[in-house]
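If you want the building blocks of each chain, they are given just below.
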Amino acid sequence: MNSRNRVLIEGLLVCNGALRNTPAGIPVIEGWVTHHSTQEQLGMARKVECEIPFLAMGQLAQAIAQLPHEQKLKCKGFLAARNQRYRDNLVLHIDAFELLN
């Protein structure tokens, strides 16, 4: 089965955890991206505000660790459960990002 799970969101990097390494030595960073926008739903404007937990690994984790607090980003990635026990806690796994002004 070839299912798609892709996310594209713009927001601010507001809480950047410390860069750490997995037991295999892979750099990992976790944090939050906060998003504010107005979206159209059923022909009406809807104000959207949310904070999305993220995880990045490898060179992306190292690059994100160097960014300033509240850096505006366009993030691309996929959603996955934080762990196997609590599948309703989703995390954005970033696999690409672009700096925005």
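Our subject is the structure listed above.
An account of the accompanying structure is given in this report.

Rules and cut-offs
For every chain, the first residue of its written sequence is number 1, and the numbers climb from 1 along that sequence. A pLDDT threshold of at least 70 governs which residues receive local features in this predicted model, and a stricter bar of 80 or more applies before side-chain atom pairs are shown or counted, although totals over entire chains, interfaces and linings include all residues. Side-chain figures throughout are based on the complete set of non-hydrogen atoms in the structure, without hydrogens or water. Put simply, DSSP H or I for four residues or longer makes a helix, DSSP E for two residues or longer makes a strand, and each gets a number counted from the N terminus. Burial classification: accessible surface area is computed with a 1.4 Å probe over protein chains only, and a residue below 20% of its type maximum counts as buried, one above 50% as exposed, and the rest as partly exposed. By definition in these notes, contact holds between two residues if any of their heavy atoms fall within 4.5 Å. The Shrake-Rupley method, run with a 1.4 Å probe, gives the accessible areas here. Residue values count only the displayed protein chains as cover. By the counting rule applied here, Lys and Arg register as positive and Asp and Glu as negative, while His and the ends of each chain are not counted. Lysine's charge is taken at NZ, arginine's at CZ, aspartate's at CG and glutamate's at CD. We define the nonpolar core as a collection of buried residues of types Ala, Val, Leu, Ile, Met, Phe, Trp, Tyr and Cys that are connected through side-chain atoms lying within 4.5 Å of one another. In the sections that follow, a salt bridge refers to a side-chain nitrogen of Lys or Arg positioned within 4 Å of a carboxyl oxygen of Asp or Glu.

## Topic: the overall build of the protein
When helices and strands are tallied, the protein shows 1 helix and 6 strands. Reading the protein from its N terminus to its C terminus gives the helix and strand order β-β-β-β-α-β-β. With respect to the principal axes defined by its C-alpha atoms, the protein has extents near 50 × 40 × 25 Å. Taken over 101 residues, the protein has a buried fraction of 31%. Sequence-distant contacts in the protein: of pairs separated by 6 or more residues, those separated by 24 or more amount to 56%. Summed over its atoms, the accessible surface of the protein is roughly 7100 Å², and 51% of this surface lies on carbon and sulfur atoms. Distance between charge centroids for the protein: 6 Å, based on 11 positive and 9 negative side chains.

## Considering the nonpolar core
One finds Phe54, Ile64, Cys75, Leu92 and Ile94 to be the most contacted residues of the largest nonpolar core, which totals 14 residues. With sequence-adjacent residues up to four places away left out, Cys75 is seen in contact with Val7, Leu8, Ile9, Val33, Leu92, Ile94, Ala96 and Phe97.

## Regarding unusual backbone geometry
Notably, Leu42 is not glycine yet its phi reads approximately 55 degrees, a positive angle. Here Leu42 shows up in the loop between strand E3 (27–41) and strand E4 (44–57). Judged by its relative accessible area of 81%, Leu42 falls in the exposed class.

## Re the pattern of salt bridges
Under the defined criterion, the tally for this structure stands at 4 salt bridges. Between Arg82 and Glu30 there is a salt bridge, and its shortest N-O distance comes to 3.2 Å. In this pair, Arg82 is assigned in the loop between strand E5 (71–81) and strand E6 (90–99) and Glu30 in strand E3, connecting sequence segments 52 residues apart. Exposure remark for Glu30: the relative accessible area of 29% places this residue in the partly exposed category. Linked by salt bridges that have partners in common, Arg20, Glu30 and Arg82 make up one network.

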